[in-house]
Every structure is written in structure tokens, then in C-alpha cells.
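Listed below, chain by chain, are the residues.
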Amino acid sequence: MATKTIEDIEVKGKRVLVRVDFNVPVQNGMISDDSRIVAALPTINYLREQGAKIILCSHLGRPKGQKNPEFTLAPVANDLAQKLGAPVTFVDDCVGESVKMQVEAMKDGDVVLLENVRFYAGEEKNDPEFAKQLAAVAEVYVNDAFGTAHRAHASTEGVTKFLSPSVCGYLIQAELKFLGEKTAQPERPFVVILGGAKVSDKIQVIDALLEKANKILIGGAMAYTFKLAQGGKVGNSLAEPDKIETAKKALEKAKAKGVEFLLPVDNLVCDALDFKGGTLGNTKVVDGDIEDGWEGVDIGPKTVELYANAVKDAKTVLWNGPMGIFEIPESAKGSFAIAKAVAEADNTSIIGGGDSVKAIKKSGYGDQVTFMSTGGGASLEFLEGKELPGVVALDQK
Ligand code: AMP
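Just so we're clear, the structure is a prediction, and the values are computed from it rather than from any experiment.

(A) Looking closely at the pairing of strand β14 (residues 295–299). Among the 5 residues in β14, 5 count as buried, and that is most of the element. As paired strands, strand β12 (residues 266–270) and β14 are joined by 4 bridges and run antiparallel to one another. The partner of Leu268 across the bridge, within β14, is Asp298.

(B) Quick peek at the site of the ligand. In the region of the ligand, 15 residues are neighbours, and Ala197, Lys202, Gly296, Glu327 and Asp355 sit closest. Ala197 places a polar main-chain atom, nitrogen or oxygen, 3.1 Å from an oxygen atom of the ligand. Within the contact set of the ligand, a nitrogen atom lies 3.3 Å away from a backbone nitrogen or oxygen of Ala221. Protein contacts shield 83% of the accessible area of the ligand, which totals 510 Å² for the unbound molecule.

(C) Focus on the packing of aromatic side chains. Considering all chains together, one arrives at 5 aromatic pairs under this definition. Here Tyr46 and Tyr170 contribute two aromatic rings whose centre-to-centre distance is 5.5 Å and whose plane-to-plane angle is 80°, an arrangement assigned as edge-to-face. Residue Tyr46 is found in helix α1 (residues 35–49), and its partner Tyr170 is found in helix α6 (residues 170–184); the two are separated by 124 residues along the sequence. Residue class for Tyr46 comes out buried when judged on its relative accessible area of 15%. Ring geometry for Phe146 and Phe382: centres 6.4 Å apart, planes at 80°, overall edge-to-face. With a gap of 236 residues between them, Phe146 in the loop between β7 (140–143) and β8 (166–168) and Phe382 in helix α13 (residues 377–383) connect regions that are remote in the sequence. In this structure Phe146 comes out as buried when scored by relative accessible area, which is 0%. Here Lys284 stacks its cationic end above the ring of Trp294, 4.2 Å away from the centre of that ring.

(D) Just the domain arrangement of the chain, in detail. Assigned domains of the chain: these are domain 1 (6–171) and domain 2 (178–383). Taken over C-alpha atoms, the centre of domain 1 sits 36 Å from the centre of domain 2. Listed by partner, the interface residues are 8 residues for domain 1 and 10 residues for domain 2. The largest per-residue losses of area from domain 1 upon contact with domain 2 belong to Phe146, His150 and Leu171, which jointly make up 70% of the total buried on that side. When residues in the side of domain 1 that touches domain 2 are grouped by element, the largest group, 3 residues, is from α1.

(E) Molecular detail of the pattern of salt bridges. Scanning the entire structure with this criterion turns up 23 salt bridges. A salt bridge links Glu260 to Lys215, with the nearest nitrogen and oxygen atoms 4.0 Å apart. Linking Glu260 in strand β11 (residues 260–262) with Lys215 in strand β10 (residues 215–218), this pair joins segments that are 45 residues apart in sequence. Where Asp355 meets Lys358, a salt bridge forms, and the shortest distance between an N and an O atom there is 3.2 Å.

(F) View of helix α11 (residues 333–344). For α11, built from 12 residues, the straight-helix expectation of 16 Å at 1.5 Å per residue is met to within 8% by its first-to-last C-alpha distance of 16 Å. Those residues of α11 lying buried are Gly334, Ser335, Ile338, Ala339, Ala341, Val342 and Ala343. Check the buried side of α11 and you find it contacts β9 (190–194), β14, α10 (301–313), β15 (316–320), β16 (348–351) and α12 (355–363).

(G) Examining the pairing of β15 more closely. Among the 5 residues in β15, 5 count as buried, and that is most of the element. By the alternation rule, side chains of β15 split into Thr316, Leu318 and Asn320 and Val317 and Trp319, which are all buried. Note that β9 and β15 share 5 bridges and pair parallel. What sits directly across from Val192, in β15, is Leu318. Of the strand pairs in this sheet, β15 and β16 are connected by 4 bridges, and their pairing is parallel.

(H) Highlighting the sheet that holds β7. In space, the 6 strands of this open sheet follow the order β5-β6-β4-β1-β7-β8, with parallel pairing throughout. Bordering the open sheet on either side are β5 (88–91) and β8, each of which pairs with just one other strand. In this sheet, adjacent strand axes meet at a mean angle of 25° when their direction is disregarded. Here β7 pairs with β8 via 3 bridges, running parallel. Bridge pairing links Val142 to Val167 in β8. Here α1 sits on the sheet and contacts β1 (15–19), β4 (53–57), β6 (111–114) and β7; the angle it forms with β4, its principal contact strand, is near 155°.

Conventions and cut-offs
- Residues numbered from 1 in each chain as written.
- Predicted model: local features only at pLDDT ≥ 70, side-chain atom pairs only at ≥ 80, totals over all residues.
- Heavy atoms only, no water.
- Buried < 20%, exposed > 50% of the residue type's maximum accessible area, 1.4 Å probe, protein only.
- Helix = DSSP H or I, 4+ residues; strand = E, 2+ residues; numbered from the N terminus.
- Pairing = 2+ DSSP bridges.
- Near = heavy atom within 4 Å.
- Polar contact = N/O pair within 3.5 Å; in protein donor to acceptor, adjacent residues only side chain to side chain.
- Areas by Shrake-Rupley, 256 points an atom, 1.4 Å probe, with all protein chains shown as cover.
- Phe/Tyr/Trp six-rings, centres within 6.5 Å; stacked < 30°, edge-to-face > 60°.
- Lys NZ or Arg CZ within 6 Å of the ring centre and 35° of its normal.
- Domains from an automatic or database assignment.
- Contact = heavy atoms within 4.5 Å.
- Buried area = accessible area lost by both parts, 1.4 Å probe.
- Salt bridge = Lys/Arg side-chain N within 4 Å of Asp/Glu carboxyl O.
- Expected span 1.5 Å × (residues − 1).
- Axes fitted to C-alpha atoms, helices over the stretch in contact; angles between N-to-C directions.

This is the structure in C-alpha cells:
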């Protein structure tokens, strides 16, 4: 089944409630990263061209059900108006009389942005009464907030009970295509690169992808728990000794499924990591075991070559999680080299959200990949094979 999209419905002259993800970083009224606003533009522009009345809603930060000017969406309205080249009317509430009045005054193609939905406790509680109030001013619902689609909140799930049709926008459509379809029936070989801090965070993703991938390449601190599972030594590296059994099971499953499961053959190690200070102390590259007193902080050059070759031979690549402590330049080299390999390879490349997106953007290769997910937790849950409440609540074709 496929989720209905804005192109499947008639929106001309209709009041359309659009849940977007405008959870952008704001400091002193200035937006320091507008990529989420940019990501919502195709849907907003399409609805404007079609002559819909567009009522945007979003959360920003964690105001915990209280009205708090620190978390106002007002700066987003200004930024969005500039990007659209058209006025965006900001309403300082998301439910009630003021919203009703503004919406009644709307003409086809107009855009209104409501205040932060998390100023009401009913949002995160998915309170049906709050959802009903939110839905009251609209006729049609569009969800385009992939980043919160894994949460059943009033604005992501509750409103679908009061509005019909309920469909997805272009952003969610693209996420479903690349994180969903392209990895469910991948062009093969399908190579998955997984990194990040913990096996415990990613084990369900590993488990789900072991059903689909031809090769899984492991990096980041996660690799050290797998190394322990193989009887290796990891010195002072970040590892989860209580997850050794979990790691062993994944290795066994890979064998049983015929999935090539690669671990780093060399690592950059250091003796005095200071994450906040951004320094590593002495460093060296070691093959095999890591001695006590040393900590693995990145994949080494031989591993980079091995993984880059696997990426080159792949038809589909999915990458989630950095290969090392990419926040520090000296231990970002592995992640950046993988970013380069992924960007330069002639295949479908999908960056599965969170820190891997940060890493590839930082490397300068972000615009050379096929797709970068806008989700963090949502991307992970989707890759784990879980249903996203904000997606399953929408109409299906
Ligand atoms: P995750 O959110 O699970 O994708 O993990 C990302 C975090 O893992 C980043 O902040 C990295 O700095 C961290 N990380 C990656 N490799 C290592 C490592 N070898 N040692 C410690 N932290 C790491």
C-alpha cells in the first residue's frame, strides 16, 4: 500500500492544515539553520500554485505544554515569507478565536503560520479534544513533518480523525521512497554503512537490514562491541560489554543470511580524548587489537579503502551513523573519506538521518548524494521496520 499524497487530492479553495517540521534552531530571534524550512517549500509552493488556503502548524523546541516566548515560531514566519516571496500571516495561537478569524479572512493561495503546537499539553498527549480544536478551522490535512512522524501527537496523528482527506506532502513522500521502497527492494549489491556510538541504539536497525543488505560495514564506537564479540581487545574504547551477546547474535545472523559483515581492520587511536576541548592527545593508527590506555576514535586508512571499494561496487548505499568522532577534525577523516566515496560513487546513495547527515554536510559532499533524510529518531524507527504513527494515520491509495 502507498500513502496518498497532495497530488492525489483536490485542494483548490480548500482550507488545508499542513503539519510541517519548523523545529529550527533560533538564537536571539535569528535562525541559524534554515534547512527544515527549505525542505518544506516544495509542498507549500505546490499548495499555493493549486490555490489552497495553507494553514501551517509545527512545534519548536520543548516548551512542555506552556506558552513560552523563547519557543515562538514568529521568526520562522518572517523567514518563510522571504523564501516564498509572499506574505505569511503569523497567528500568536494555534487554536481558538484568533485562528478562526485569520482563517476566515484567507484567500486562495494565502499562507498562515500558527504558533507552536507544543504550547498546549494536549499536543504531546495526543488529546482528542485538542486535536479537534486544531482541526476545526481546516477541511484537509497534509502531514509533511517526517522528523516527528514517529510520534502520535495531536498535530501528527490526532487531527487525522477529524479531517479527510489526510495525505502526505513531498517531503514525507521522498522519505518513504528512499528510506522505504529503495531499501525494501534495493538495486543490488545493496551496501549498508552503520556507525555511531552504541550497538544498543542501532541493533534493531542492524537486525532489520540483515534481512535486506548484501554487505554491512560497521564503523564508529559500535565496532568495538563487535570486536569484543569476536574475542578482540579494544583498550579504553567506548564499548558495551553487556551487549556482546547481542553483537554475537547479529554476527551469526549475518553468516546464516550470507550477508558480508565487515568490521574495521585498522583504527585511529588516541591516549587523551577531550571531547569538549576537541583534542585527542597522542594518536596512532593500529591494526587489530587496541592496547589498554588507548581509545579507538576513527576508522583507519586501510578500513577506509576497504569500505570505499565496497561502496564503489554497490548499486544502492545506505549510510547511518558516523565512522568516528567526526566533531573533532583529526578523527573526522574516516567519516569524511566515506562521505567522499559515497558522493562520488555512481549509485543510489541514501543518508539515513541524524549525525551521518551532519557529517556529510560538514565534509562538503552533502549535495552530491541522492537523498539525505531529515529525520533522526523517525529515520531510525522507520529503518527498524516500525510503522510511523504520523504516516499510517494518513489515507492509503
Ligand atoms: P549516533 O547518534 O549513535 O549516530 O552516534 C553519533 C556519535 O557517536 C557522534 O557524536 C560521534 O562522535 C560518536 N562516535 C563515533 N565514533 C566514536 C568512537 N570511536 N568513540 C566515541 N564516540 C564515537
